[in-house]
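# Survey of secondary and tertiary structure
Listed below are the residues making up each chain.
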Amino acid sequence: MLDPTFVRDNIEAVREGLAQRGLDVTTELQQLATFEAQRRRLIPQIEGLKREQNASGDQVARAKRQGQEVKHLYEESKARTQKIKQMEIELEAVERQRTIILETLPNLPHASVPAGKGAADNVVVRTWGEPKAFDFEPKAHWDLGPQLGIIDFERATKISGSRFAVLMGAGAQLERALINFMLSLHTNEHGYTEVQPPFLVSSTTLYGTGQLPKFEQDLFKIAGDWDLYLIPTAEVPVTNLYRGEIIDGRLLPLKYAAYTPCFRSEAGSYGADVRGLIRQHQFDKVELVKFTTPETSYEELEGLTANAERVLQLLGLPYRTVVLCPGDMGFAAAKTYDIEVWLPSQKSFREISSCSNCEGFQARRANIKFRPEGTGKAEHVHTLNGSGLAVGRTLIALLENYQQRDGSIVIPEALRPFMGGREAIEAKKA
């Protein structure tokens, strides 16, 4: 959530910042200004009446000592109490309407984000590796997997419907190996603390990271009276670890890595990437989350992005890193780098990780603060998150980039210790 005080004092800057996202929020900002004026009128009036109410007790006592009639003072006090209640109800309604509007406004783009309205305006900041030149026509993973007997889409559809997959044998082993490889790298070399959070979270938790109330259609909610949803990403539970807490600033940055399955309805994506593992309702991901000070958050974003890139470098997978324009950024992000891996079958780069600095946007919603030196005034932390990496998409990239003419798949050296020393997934004999 945007800082209400900043919005109040910088209406035009907020309007211009959100216009970069392609949003016209003139009406919303006008409404916020109206509600702010009502708040500034009501709050001092209520406080004044409460001071009068507190002083009325002394006034009654003095009147009694002087033998004066006090009935009218009691009546005035009763009327004042009623007026305070009415004004507090009015203030509560104003606050609620103000919050509803603030909840719908996305984060402001950082000054370093390039202008643009969509993916075509994103800017490549670096590339790594060269796409392999095949001496045969490379196959797509949705052909390779079934032919090797390691991915079964048909049985998954029978079990659960479309956008699911069953990994079999070496496919399941490869998925597990990638998870262990990523967690080992991030914890042992990059200094993250591994955490295994719940895979079901409350609506309050989803509100804290910005999925609710705006994006409920993207979530899977548990039926019945449960206030629980399947997580769309580990970012949600891990960021909420410190919800409602004040962190000792001397401990920052705090860095966490978590493997979880992720569940998404993919609302609005019908017809997009319907084949294969690209866009599934359930997928595995290793997530990186940081809590930092405002002064260091952009340096930490560069580090987090480099940590995610390192996975692809060790696996020998060509990629490029792009900085997203405002029109292509997520709701909570102030700046995002997308890492896109090369897929030979599509002859294009596809997203495999998004690394974002949300600044204080999520921390304000989840009320996560820190004291800079362990003492003093508390302020909101900055939260960062990124995929390190999306496991299914990494598996896709491995299958396609390491495929051989006979249909077998070479296992990258860095991954072999996590595959029991296995060097290849052999093609089935004809």
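Computed from a predicted structure; not experimentally measured.

### Re the sheet that holds strand S8 (residues 246–248)
Across the sheet, which stays open at both edges, the three strands sit in the order S8-S14-S15 with mixed pairing between neighbours. The open sheet has two edge strands with one neighbour each: S8 and strand S15 (379–380).

### Re the nonpolar core
Leu-174, Leu-178 and Leu-415 are the most contacted members of the largest nonpolar core, which totals 53 residues. For this core, the element with the most residues is helix H7 (residues 170–189), which contributes nine residues. Not counting residues within four places of it along the chain, the set of residues in contact with Leu-174 comprises Leu-395, Leu-398, Leu-399, Ile-411, Leu-415, Met-419 and Ile-425. With 24 residues, the next largest nonpolar core counts Met-1, Phe-35, Leu-102 and Cys-358 among its residues.

### Topic: the pattern of salt bridges
Applying the stated rule across the entire model yields 20 salt bridges. Put simply, Arg-15 and Glu-12 hold a salt bridge, and the shortest N to O gap is 2.5 Å. Placement of both Arg-15 and Glu-12 in helix H2 (residues 11–19) is noted, with a separation of three residues, approximately one turn of the helix. Using a relative accessible area of 29% as the deciding quantity, one classes Arg-15 as partly exposed. Under the relative-accessibility criterion, Glu-12 is labelled partly exposed at 41%. Two residues, Glu-137 and Lys-347, come together in a salt bridge whose shortest N-O distance is 3.4 Å.

### What about the pairing of strand S9 (residues 254–263)?
Sheet faces and side chains relate simply in a regular strand, where the side chains alternate between the two faces. Along S9, eight of the 10 residues are buried, which leaves the element largely enclosed by surrounding structure. Of the strand pairs in this sheet, strand S4 (residues 193–194) and S9 are connected by two bridges, and their pairing is parallel. Across the sheet, the residue bridging to Glu-194 is Ala-257, located in S9. Bridge count between S9 and strand S10 (residues 282–292): 10 bridges; the pairing is antiparallel. Pairing of Pro-261 across the sheet is with Asp-284, part of S10.

### Thoughts on unusual backbone geometry
Cis geometry is adopted by the peptide bond preceding Pro-213, which originates at Leu-212 and carries an omega value of 5°. Along the chain, Pro-213 falls in the loop between helix H8 (203–209) and strand S6 (220–221). The residue Glu-359 is not glycine, and still its phi comes out positive at about 50°. If you trace the backbone, Glu-359 turns up in the loop between strand S13 (348–357) and helix H11 (361–366). Judged by its relative accessible area of 21%, Glu-359 is partly exposed.

### A word on the environment of Leu-144
Here Leu-144 is to be found in helix H5 (residues 141–148). Here Leu-144 falls in the buried class, since its relative accessible area comes to 1%. Each C-alpha atom of the pair Leu-144 and Arg-176 lies 19 Å from the other, and the pair is 32 residues apart in sequence.

### Description of the pairing of strand S11 (residues 319–323)
Most of S11 sits out of view: four of its five residues are buried. Strand direction decides the pairing type here: strand S1 (residues 123–128) and S11, joined by five bridges, are antiparallel. Bridge pairing links Arg-126 to Thr-321 in S11. Inspection of the sheet shows S11 paired to strand S12 (residues 335–343) by five bridges, in the antiparallel sense. Within S12, the position partnered with Tyr-319 by the bridge is Val-341.

### A closer look at the side chain of Glu-287
With respect to the secondary-structure elements, Glu-287 resides in strand S10. With near-sequence residues (within four places) excluded, Glu-287 lies in contact with Thr-233, Ala-234, Glu-235, Tyr-256, Ala-257, Ala-258, Asn-385, Gly-386, Ser-387 and Gly-388.

### Brief notes about the packing of H7 against helix H10 (residues 297–315)
Two numbers describe how H7 lies on H10: the axes approach to 11 Å, and their chain directions differ by 125°. When the axis of H7 is compared with that of H10, the two are oblique. Helix-helix and strand crossings are classified by hand; for H7 and H10 the assignment is right-handed. Counted together, Leu-178, Phe-181, Met-182, Leu-185 and His-186 of H7 and Asn-307, Ala-308, Arg-310, Val-311, Leu-314 and Leu-315 of H10 form the full contact between these two elements. Of the residues contributing to the contact of H7 with H10, the split by class is eight nonpolar, two polar and one charged.

Calculation criteria
For every chain, the first residue of its written sequence is number 1, and the numbers climb from 1 along that sequence. In view of the model being predicted, local features appear only for residues whose pLDDT reaches at least 70, and side-chain atom pairs are presented and counted only at 80 or more, with totals across whole chains, interfaces and linings using the full set of residues. As a rule here, side-chain values cover all heavy atoms of the structure and leave hydrogens and water aside. Any two strands with at least two DSSP bridges between them are considered paired. Note on conventions: DSSP H or I runs of at least 4 residues are helices, E runs of at least 2 residues are strands, and numbering of each starts at the N terminus. Here, nonpolar core means buried Ala, Val, Leu, Ile, Met, Phe, Trp, Tyr and Cys residues that are tied together by side-chain atoms lying within 4.5 Å of each other. Partly exposed residues are those whose accessible area sits between 20% and 50% of the maximum for their type, while under 20% is buried and over 50% is exposed, using a 1.4 Å probe and protein chains only. Here, residues are in contact when the closest pair of their heavy atoms is within 4.5 Å. Each reported salt bridge corresponds to a side-chain nitrogen of Lys or Arg within 4 Å of a carboxyl oxygen of Asp or Glu. To get an axis, a line is fitted to the C-alpha atoms, and for a helix only the part in contact is used. The angle between two axes follows their N-to-C directions and goes from 0 to 180 degrees. Roughly parallel covers angles under 35 degrees, roughly antiparallel covers those over 145, roughly perpendicular covers 65 to 115, and oblique covers all other angles. Each crossing gets its hand from how the near helix is turned against the far one by less than a right angle, where anticlockwise is left-handed and clockwise is right-handed. Each residue is assigned to one class: nonpolar for Ala, Val, Leu, Ile, Met, Phe, Trp, Tyr, Cys and Pro, charged for Asp, Glu, Lys and Arg, and polar for all the others, Gly among them.

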